[in-house]
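Listed below, chain by chain, are the residues.
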Amino acid sequence: MTYFHKLSISLVLVLCITYTPNKLLSKNSNSNPKKLNISEKYIDSIMAHSDSGIAIIEDLFHQTMRSNDLLNHFTIAFHLGKWYGDNQYFSEAFEYGTEAMEVSKLLNDTLLMAKSSSYLGILHNYFTKTDEAIKLLKGSNEYYKSLFKSGQVNHEQLIASYYSLIQLYQWFDSVDMAAAYIDTCYMLSEKYGSNEKGLAFFDAENAKILTRAGKVDSAIYILESKRKLFEEIDDTDTDMKRFLIIIYLYLGDAYFAAVNNSKAITYYSKCIDAIEFYNFNKGYRINAHKNLSLAYFNVGNYEKAYQSLKIMSDLNDKYFSTRSSYNADLIKINNKYKELVDKQRIELLEKQKYLLVFRIIIIAIILLAVVALLFYRIKRQKLKLQKRNEQVESEKKESDQQLRVRNKELTEHTLKLIEKETILKELAGQLKKVAPKDKESQNMAKSALGDSKVLWEDFNTRFVSVNTDFYKRLEKKFPGLSPTEQKHCALIKLNFSSKEMAQLLGISLTGINVARYRLRQKFGLTRDVNLVKFLNEL
């Protein structure tokens, strides 16, 4: 495919941006575009006055820039870029299109980024900036898919983004990719609804693929039906009627491929006339005149063939030659754009660098604060624990001291009782000796001796009140002890002698010693362990 033929395919993308299937797919649109202070209709009406209108809009462009009115600044930049692109002032188109893109990023508005990405992709496609064009148009499509999922755009706007990709892959002769996107558009149209005029866009592109595949009869049949459909549309509906430019061009290509030169001449001429009449998509004239020249040549009309070829050459020099006054600055576009991108990338890296350093500092401060807070809390907890331990220790010492005092008092009281019991026993013995036959005296002596059981119960009651949980601790650690062995433990704890224990419990001294021995065995104590100390430490 020649450069001029590819150029004509690329220029179809302008139509996609100017009147997308938003207007063609359905009469019932649910789109709610963002309302602007400076309306798009106002801009279009002013720009219709050509040079004077453009001057007014450019003045508004600078005003919104100075006032930092970003939303209106985007709208104006985007429309200026479109106007300059439609009129083949590509240097200015790039400048305003790039400005619109940057402003959309500043606004962080996904819809505006989608629109500006799409338009810049088309401009890059004019000049075979393949990778950048694909990147921008696919990026725009991803934006629209995201917006559609969130309900911010309708299915018509989504389909329009796919339509741009169809045109892109038509340019690169990627028939399979173009066909795949056409199928996607048909599927979305069927799912969400469309009208015959909306489907005509995809039918026309499908016909172009058929022409390339050599199926020219099928292509002509489709395109002729669409031609009749759009020629019957009312002339006041300019946006719809302008689609005839594409249909006439594609019909010319189909008839040219079918070697029907007279028909090809008719439709190429119609395409050129429609471009002049609607003053739209002037870039199509290049390809139309080129193929018209070939068709005239094939029929032997060499004069008209030369005239068409001359017009094509002049248009090419005017709009696409680097020597043209229209595009003298185009040679700088690529470097300028790259410089802008590199500058933005450097600024972004610098911002990210400072942001990273700032984040590290903030994180370090937070970590230091957390460490300091933890250190303070640990120290505070440690001091509290220390004070608590000291308090517990003090209370324990005080409690132990009180326990020792009370146990000492208990021991002294018990020893006095034992001493009293001993004296009474001695007196009773003497009484028996003095009056062995006096029953009254004997009864008195017997009564005075008392009962060791009563003596133990009195002791035990006092012991339990002082040593409240001694028996519980003893039972928990040595559950096999008998009640008698527990009594021995209580007396040993208070350091009673074997003799005193025998008297208090009413058993022999030998029995006390045997009991001590058995307790040592049950406790698993060696000879060097003090039994009294062991029981006091329970």
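Residues numbered from 1 in each chain as written. Predicted model: local features only at pLDDT ≥ 70, side-chain atom pairs only at ≥ 80, totals over all residues. Heavy atoms only, no water.

Visitor: Would you mind going over the overall build of the chain with me for this structure?
Guide: Within the chain, the regular secondary structure consists of 24 helices and zero strands. Each of the 538 residues in the chain was classed as buried or not, and the buried ones make up 43%. Taking the intrachain contacts of the chain between residues at least 6 apart in sequence as the baseline, contacts between residues at least 24 apart amount to 64%. (Helix = DSSP H or I, 4+ residues; strand = E, 2+ residues; numbered from the N terminus. Buried < 20%, exposed > 50% of the residue type's maximum accessible area, 1.4 Å probe, protein only. Contact = heavy atoms within 4.5 Å.)

Visitor: What is the right way to look at the packing of helix α11 (residues 216-231) against helix α13 (residues 244-257) in this model?
Guide: Packed helices, taken two at a time, are described by the angle between their axes plus the distance between the axes. Their axes nearest at 9 Å, the elements α11 and α13 cross at an angle of 155°. For the element pair α11 / α13, the angle class is roughly antiparallel. Note that α11 runs across α13; the crossing there is left-handed. Residues V216, I220, L223, E224, K226, R227, F230 and E231 of α11 form the contact with α13, whose participating residues are L244, I247, Y248, Y250, L251, A254, Y255 and A257. (Axes fitted to C-alpha atoms, helices over the stretch in contact; angles between N-to-C directions. Parallel < 35°, antiparallel > 145°, perpendicular 65-115°, else oblique. Left-handed = near helix turned anticlockwise from the far one by under 90°.)

Visitor: Hey, could you run me through the environment of N261 in this one?
Guide: Relative to the elements of secondary structure, N261 occurs in helix α14 (residues 261-278). On a C-alpha basis, the gap between N261 and L292 in space is 8.9 Å, while along the polypeptide they are 31 residues apart.

Visitor: Would you take a moment to explain the environment of A490 for this structure?
Guide: Within the secondary structure, A490 is located in helix α21 (residues 483-493). The spacing of A490 and F459 is 31 residues in sequence and 10.0 Å in space, taken between C-alpha atoms. For A490, the contacting residues outside a window of four places in its chain are F463, F470 and Y471.

Visitor: Explain helix α15 (residues 284-298) here, please?
Guide: Quick reminder: α-helices carry 3.6 residues per turn. Residues three or four places apart thus point the same way. The end-to-end C-alpha separation of α15 is 21 Å, in line with the 21 Å expected for 15 residues at 1.5 Å each. Burial analysis of α15 places 12 of its 15 residues in the buried class, which makes it a mostly covered element. What α15 keeps buried is the set Y284, R285, I286, N287, A288, H289, K290, N291, L292, S293, A295 and Y296. Of the residues trailing α15, G300 is marked for its positive phi of about 85°. (Expected span 1.5 Å × (residues − 1).)

Visitor: What is the right way to look at the pattern of salt bridges in this model?
Guide: A side chain of one charge can pair with a side chain of the opposite charge when the charged atoms of the two come close. Counted according to the given criterion, the structure contains 11 salt bridges. A salt bridge links D239 to R242, with the nearest nitrogen and oxygen atoms 2.7 Å apart. Two residues, K522 and E485, come together in a salt bridge whose shortest N-O distance is 3.0 Å. Of this pair, K522 sits in helix α23 (residues 509-523) while E485 is found in helix α21, placing the two residues 37 residues apart along the sequence. The partly exposed category is assigned to K522, whose relative accessible area is 44%. Its relative accessible area of 13% is what places E485 among the buried residues. Through salt bridges that share partners, E224, R227 and E231 make up one connected network. (Salt bridge = Lys/Arg side-chain N within 4 Å of Asp/Glu carboxyl O.)

Visitor: What's the story with α11 in this structure? I'm lost.
Guide: The first and last C-alpha atoms of α11 sit 22 Å apart over 16 residues, in line with the 22 Å expected at 1.5 Å per residue. Taken as a whole, α11 has its buried residues at V216, A219, I220, I222, L223, E224, K226, R227, L229 and F230. Buried residues along α11 sit against α10 (196-212), α12 (238-241), α13 and α14.

Visitor: Is there a simple way to explain the packing of α21 against α23 in this structure?
Guide: The N-to-C vectors of α21 and α23 enclose an angle of 95°; their axes lie 10 Å apart at closest approach. Judged by the angle between their axes, α21 and α23 are roughly perpendicular. In this structure, α21 uses E485, H488, C489 and I492 to contact α23, whose residues at the interface are I512, A515, R516, L519, K522 and F523. Grouping the amino acids of the contact of α21 with α23 by side-chain chemistry returns six nonpolar, one polar and three charged. (Nonpolar A, V, L, I, M, F, W, Y, C, P; charged D, E, K, R; others polar.)

Visitor: Which parts of the structure should I look at to understand unusual backbone geometry?
Guide: Only a minority of non-glycine residues have a phi that is not negative, and only a minority of peptide bonds are not trans. The phi dihedral of N108 is positive, around 55°, even though this residue is not glycine. Counting through the fold element by element, N108 comes out in the loop between α5 (90-107) and α6 (110-126). The exposure class assigned to N108 is exposed, which follows from its relative accessible area of 61%. Even without being a glycine, V259 presents a positive backbone phi close to 60°.

Visitor: I tried to follow the nonpolar core on my own but got confused; where do I start?
Guide: A general feature of soluble globular proteins is that nonpolar side chains tend to end up buried together. Counting 89 residues, the largest nonpolar core has I76, L80, L123, F230 and F243 as its most contacted members. No other element matches the 10 residues that α13 contributes to this core. Ignoring any residue separated from it by four or fewer positions in sequence, one finds F230 in contact with K197, A200, M240, K241, F243, L244 and I247. Grouped together as the second largest cluster of nonpolar side chains are 30 residues, L455, W456, L474 and L535 included. (Core = buried A, V, L, I, M, F, W, Y, C linked by side-chain atoms within 4.5 Å.)

Visitor: Just to check I follow, could you spell out the packing of aromatic side chains for this structure?
Guide: Scanning the model with the defined rule gives 23 aromatic pairs in all. For the pair F478 and F534, a centre-to-centre distance of 6.2 Å together with 55° between the ring planes defines the contact as tilted. A residue pair is termed long-range when its members are at least 10 positions apart, and F478 in the loop between α20 (470-477) and α21 and F534 in helix α24 (residues 531-536) qualify at 56 residues. You'll find F478 and F534 in the same group, each marked buried. (Phe/Tyr/Trp six-rings, centres within 6.5 Å; stacked < 30°, edge-to-face > 60°.)

Visitor: Explanation requested: the confidence of the model for the chain in the structure shown.
Guide: Keep in mind that low pLDDT regions are not for reading the predicted coordinates in detail. Averaged over every residue, the pLDDT of the chain is 79; the share at 70 or more is 80%. The least confident element of the chain is helix α1 (residues 3-18), whose mean pLDDT is 41; the most confident is α13, at 93. (pLDDT = per-residue confidence, 0-100.)

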